[in-house]
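Below are the chains, spelled out letter by letter.
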Protein chains: 2
Amino acid sequence: MTEIENITIGSVLKRMRKSLKYSQEELAFKSGLDRTYISMLERNVKQPTITTIFLLSDAMNMKPSEFVQLLEVEFEGYIIKRTTI
Amino acid sequence: MTEIENITIGSVLKRMRKSLKYSQEELAFKSGLDRTYISMLERNVKQPTITTIFLLSDAMNMKPSEFVQLLEVEFEGYIIKRTTI
DNA sequence: CTGTGACTAATAGTCCGTT
DNA sequence: GAACGGACTATTAGTCACA
């Protein structure tokens, strides 16, 4: 049982982006997001909203649910610890 | 082509919660989120982060990707309009 | 091409309550 | 049971200059 505070998308995003051979800049352009923000997401500095997930998924020609499914695999069995509980 | 600014989860969340016969308060407790925040999500006042999606999905015994798939259906063909582009 | 710090504006999310 | 409000704090959105 591993406790985490947030779901982050860094490794999944980076893997998918690289598999498409996109630079962060290209992905930024296609998604309409800022390049440095993409960088932060990949370094797990920021945690995206669901809208951002949709934008990124669309830009990478995949369904948001497919993207989220990759996150599920990564965080399988993890417990999200709410500090405010 | 319908343009929207954000992905909101109100109708999907409300439908899933009701199908489980949970009150907003029960769902709040199970997910570790605030009752009034659940209310705002259902009224599309607020837009959740991916972590919140995971928390809500877990509380409703479904996979986050399943939840997102329901959102996909709802927002099929919609264009997310970034005001900052 | 990417990481990073600094920054402001906006939103996420909580907690008190009333209708 | 749920909508709604205000006030509040924490975190994200989004951009910039620079390494």
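Keep in mind that this is a model prediction, so the values were computed, not measured. (Residues numbered from 1 in each chain as written. Chains lettered and ligands numbered in written order. Predicted model: local features only at pLDDT ≥ 70, side-chain atom pairs only at ≥ 80, totals over all residues. Heavy atoms only, no water.)

A. Seen up close, the packing of aromatic side chains. All names here are of chain A. If you walk through the whole model with that rule in mind, you get 2 aromatic pairs over all chains. With centroids separated by 5.7 Å and ring planes inclined at 90 degrees, the aromatic side chains of F75 and Y78 adopt a geometry described as edge-to-face. Since its relative accessible area comes to 34%, Y78 is described here as partly exposed. (Phe/Tyr/Trp six-rings, centres within 6.5 Å; stacked < 30°, edge-to-face > 60°. Buried < 20%, exposed > 50% of the residue type's maximum accessible area, 1.4 Å probe, protein only.)

B. Focus on the protein's contact with DNA strand D. As a matter of local geometry, DNA strand D sits amid 22 residues, with T36, Y37 and Q47 of chain A together with R17 and Q24 of chain B nearest to it. For DNA strand D, the fraction of atoms within 4 Å of the protein that belong to sugar or phosphate moieties is 67%. Side-chain polar atom of K46 of chain A to a base nitrogen of DNA strand D: 2.9 Å apart, as the coordinates give it. Here a phosphate oxygen of DNA strand D and a side-chain polar atom of Q24 of chain B are 2.6 Å apart. Broken down by secondary-structure element, the contributors of at least two residues to the surface near DNA strand D are α3 (35–42) of chain A together with α1 (10–19), α2 (24–31) and α3 (35–42) of chain B. (Near = heavy atom within 4 Å. Polar contact = N/O pair within 3.5 Å; in protein donor to acceptor, adjacent residues only side chain to side chain. Helix = DSSP H or I, 4+ residues; strand = E, 2+ residues; numbered from the N terminus.)

C. Looking closely at the pattern of salt bridges. All names here are of chain B. Across all of its chains, the model carries 4 salt bridges over all chains by this definition. A salt bridge links E3 to K81; the shortest N-O distance between them is 3.8 Å. Remark: K81 occurs in the segment after β2 (79–80) and E3 occurs in strand β1 (residues 3–4); sequence separation between them is 78 residues. The salt bridge involving E42 is made with R17; its shortest N-O contact spans 2.5 Å. On the criterion of sequence distance, the pair formed by E42 in helix α3 and R17 in helix α1 is long-range, its members being 25 residues apart. (Salt bridge = Lys/Arg side-chain N within 4 Å of Asp/Glu carboxyl O.)

D. Region of the structure containing the protein's contact with DNA strand C. The immediate surroundings of DNA strand C are formed by 23 residues, with Q24 of chain A together with D34, Y37, Q47 and T52 of chain B found nearest. When the atoms of DNA strand C within 4 Å of the protein are grouped by moiety, sugar and phosphate amount to 55% of the total. A distance of 2.7 Å separates a phosphate oxygen of DNA strand C from a polar side-chain atom of T52 of chain B. Residues belonging to the surface near DNA strand C are distributed by class as follows: 5 nonpolar, 10 polar and 8 charged. (Nonpolar A, V, L, I, M, F, W, Y, C, P; charged D, E, K, R; others polar.)

E. Local environment of the UniProt feature "domain: HTH cro/C1-type" (unreviewed entry) in chain A. Per the UniProt annotation, the sites labelled "domain: HTH cro/C1-type" (unreviewed entry) are residues 13–67 of chain A. Helix makes up 67% of residues 13–67 of chain A and strand 0%, and the two end C-alpha atoms of the span are 8 Å apart. (UniProt positions renumbered as here; feature names shortened; annotations may be inferred.)

F. A look at the side chain of T8 of chain B. All names here are of chain B. Locating T8 in the fold gives a position in the loop between β1 and α1. For T8, a relative accessible area of 17% corresponds to the buried category. Apart from the residues lying within four places of it in its own chain, the contact partners of T8 are N44, L71 and F75. (Contact = heavy atoms within 4.5 Å.)

G. Focus on the nonpolar core. In terms of nonpolar packing, the biggest core is built from 50 residues, with L13 and F67 of chain A together with L13, F67 and L71 of chain B touching the most fellow members. Not counting chain neighbours up to four residues away, the residues in contact with L13 of chain B comprise L27, I38, L41, E42, L56, M60 and F67 of chain B. (Core = buried A, V, L, I, M, F, W, Y, C linked by side-chain atoms within 4.5 Å.)

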